[in-house]
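Spelled out from the first residue to the last, the chains are:
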Amino acid sequence: MTQLNETHDPALTSWVASANAPANGFPLQNLPFAAFRRKGSQEAFRVGVAIGDAIVDLAALADAKPGAPFEGAAQQALQAGRETRVNALMALGQPAWSALRLALSRALRTGSPLQGLIAPLLVPQAEAEFATPAQIGDYTDFYISVHHATAIGKQFRPDNPLLPNYKWVPIGYHGRASSIGVDQQFARPVGQQRPAAEGEAPQFGPCKRLDYELELGVFIGAGNALGERVTLDQAESHVFGLCILNDWSARDIQAWEYQPLGPFLSKNFASTISPWIVTLEALAPFRVAYTRDAADPQPLPYLSSAANSAEGAFDVRMEVLLTTEQSRAQQQAPAKLSASNFRDAYWNVAQLVAHHTVNGCNLQPGDMLGTGTLSGPKPDEAGSLIELTQGGKTELKLPWGESRLFLQDGDQVLIRAHCEKPGYPRIAFGQCAGTVLPARV
């Protein structure tokens, strides 16, 4: 597991003034990665690192004269940052990521001799547009919130909401990587829905019960060979970092198709992520104990270790907000729907990687694992509308007078996440934004 080092010193400040603002979220202690280009340009996307309200253009820095700005592993990692996505850097492994982070931290600190070289290479975030930070080859979505699983199970099996395997095995399914994007605007999905009466043909048309799902994405860095297991204690060395994920769900399509093989068209039409990947190293100050209720089954040996129990969870705070066509026209602030915390998940990052590879499955740089909906134990910590509205039975009132059971055309869902604690700069993940457009029929 990543140990604290000089990059985590809370007293560090940057010569990029905006990085020192308490609420900015991208201080010197964060340094997340993205793929960007100047807005409206035909430039190739390239890798950038956030510092305050600016982006360090790694390709430009790698090409900067005179000579190489960094040395050794940091310079090798910087060269990998010249690619259009982060995959090449991911493939180099944790020592290279850490070396580049240290070099960037030193270069961006107050008083750095590299300020004159780097300052002209900064691109304002407001002038940038983003692509998915990595080329995502494969995507697996898990189901690791026992609170979400229980709430959904109660709607179908009130007396026995959790299936027998839930507390023993991290449940997951293979999702669709090609429809993952940032700042998405997507058409309402169309598909088959349950027949109006038993024995009749299924209905067909636009989804009527469109929902969001509050999740985090886990980006794989260095992969493993086919047939090679990644042990629990090795797992985090294969994880580059985390992003925000909204795995949209067409609940009525899902209800008709999910048996016997699980989600398909109800999930593959869109999945939205935030543009920034926050590295596990940046999250090291926010590690917390991973615990299980003593009355629950304890993880099997391949999913359990003393180190993982001591600090295998992360204190990441998340919130979901909604705007509508009406609220935007009236210039209303987004409505907060719910908030939850990653620390309440039933399984953690290392366990997901160890379980995914226990049968020899090979993960590759840029693969993404979704956590599944991250609901908390309280009603206002639900991570989806199907929970907040009790399965579409109780309307959710919005501050400007509208109400919702499920999402309507024109609705925009915003998900934000951050880490904070006394005496340490706020670490933000940016924003995951997606907007529902009318169905194409």
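Residues numbered from 1 in each chain as written. Predicted model: local features only at pLDDT ≥ 70, side-chain atom pairs only at ≥ 80, totals over all residues. Heavy atoms only, no water.

Undergrad: What am I meant to see in the overall build of the protein chain here?
TA: Each helix and strand counted, the protein chain has 13 helices and 26 strands in total. For 441 residues, the compact-globule estimate of 2.2 N^0.38 gives 22 Å, and the protein chain sits close to it at 22 Å. Seen through its C-alpha atoms, the protein chain measures out along the principal axes to roughly 75 × 55 × 40 Å. In the protein chain, buried positions account for 57% of the 441 residues. (Helix = DSSP H or I, 4+ residues; strand = E, 2+ residues; numbered from the N terminus. Rg over C-alpha atoms; globule rule 2.2 N^0.38 Å. Buried < 20%, exposed > 50% of the residue type's maximum accessible area, 1.4 Å probe, protein only.)

Undergrad: Teacher, can you tell me more about the sheet that holds strand β5 (residues 128-131) here?
TA: Each strand in a sheet pairs with another by means of backbone hydrogen bonds, the pair being arranged parallel or else antiparallel. Ordered in space as β4-β3-β2-β1-β5, the 5 strands form an open sheet in which the pairing is antiparallel. In this open sheet, the two edge strands, each paired with only one partner strand, are β4 (122-124) and β5. Between one strand axis and the next, the sheet turns by 50° as a mean value, whatever way the strands run. (Pairing = 2+ DSSP bridges. Axes fitted to C-alpha atoms, helices over the stretch in contact; angles between N-to-C directions.)

Undergrad: Please explain the domain arrangement of the protein chain as it appears in this structure.
TA: According to the domain assignment, the protein chain contains domain 1 (6-130) and domain 2 (139-437). Between domain 1 and domain 2 the total buried area reaches about 2200 Å² when both faces are included, carbon and sulfur atoms providing 68% of it. It is His8, Met90 and Trp97 that lose the most area in domain 1 upon contact with domain 2, and together they represent 26% of the buried surface on that side. Our count for the contact surface shared by domain 1 and domain 2 stands at 1 salt bridge. Viewed at the interface, domain 2 and domain 1 are joined by 8 residue pairs in polar contact (both at pLDDT 80 or more). Put simply, the parts of the chain that give the side of domain 1 that touches domain 2 at least two residues each are β1 (33-38), β2 (46-51), α3 (87-92) and α4 (94-108). A per-class count over the side of domain 1 that touches domain 2 returns 17 nonpolar, 11 polar and 1 charged. (Domains from an automatic or database assignment. Buried area = accessible area lost by both parts, 1.4 Å probe. Salt bridge = Lys/Arg side-chain N within 4 Å of Asp/Glu carboxyl O. Polar contact = N/O pair within 3.5 Å; in protein donor to acceptor, adjacent residues only side chain to side chain. Nonpolar A, V, L, I, M, F, W, Y, C, P; charged D, E, K, R; others polar.)

Undergrad: What should I look at first to understand the pattern of salt bridges in this one?
TA: In a structure, side chains of opposite charge can pair up when their charged atoms sit close to one another. Overall, the coordinates contain 22 salt bridges when judged by the stated rule. One salt bridge connects Arg251 with Glu213, and the closest N-O pair in it is separated by 3.1 Å. A residue pair is termed long-range when its members are at least 10 positions apart, and Arg251 in helix α8 (residues 251-257) and Glu213 in the loop between β12 (210-211) and β13 (214-220) qualify at 38 residues. Taken as a pair, Arg251 and Glu213 share a single burial class, namely buried. Of the charged contacts in the structure, one is a salt bridge between Asp247 and Lys267, with a shortest N-O distance of 3.5 Å. Of the two residues, Asp247 is situated in the loop between β14 (239-246) and β15 (249-250) and Lys267 in the loop between α8 and β16 (271-273); the sequence distance between them amounts to 20 residues. Classification of Lys267 by relative accessible area gives buried; the value is 8%.

Undergrad: Sorry if this is basic, but what is going on with the side chain of Asp211 here?
TA: Tracing the sequence through the fold places Asp211 in strand β12. For Asp211, the contacting residues outside a window of four places in its chain are Trp248, Ser249, Arg251, Ser384, Leu385, Ile386, Phe406 and Leu407. (Contact = heavy atoms within 4.5 Å.)

Undergrad: Any chance you could explain the side chain of Glu236 here in plain terms?
TA: Tracing the backbone through its elements, the reader meets Glu236 in the loop between α7 (232-235) and β14. Exposure remark for Glu236: the relative accessible area of 5% places this residue in the buried category. Of note is the side chain of Glu236, whose polar atom sits 2.3 Å from the side chain of Arg287. Contact partners of Glu236, with chain neighbours within four places excluded, come to Met1, Gln94, Leu280, Arg287, Gly312, Phe314 and Ala350.

Undergrad: Honestly, the UniProt feature "domain: Fumarylacetoacetase-like C-terminal" (unreviewed entry) in the protein chain in this entry has me stumped. Any pointers?
TA: In the numbering used here, UniProt assigns the "domain: Fumarylacetoacetase-like C-terminal" (unreviewed entry) feature to residues 145-435. Taken end to end, residues 145-435 has its terminal C-alpha atoms 25 Å apart, with 17% of it in helix and 31% in strand. (UniProt positions renumbered as here; feature names shortened; annotations may be inferred.)

Undergrad: Is there a simple way to explain the pairing of strand β20 (residues 317-323) in this structure?
TA: Looking along a regular strand, one sees side chains alternate from face to face of the sheet. The buried fraction of β20 is high, at 5 of 7 residues. Where β20 and strand β21 (residues 335-341) come together, 6 bridges link them in antiparallel fashion. Of the residues in β21, the one forming a bridge with Val320 is Ser338. Of the pairings in the sheet, the one linking β20 to strand β25 (residues 412-421) comprises 7 bridges and is antiparallel in character. The partner of Thr323 across the bridge, within β25, is Gln412.

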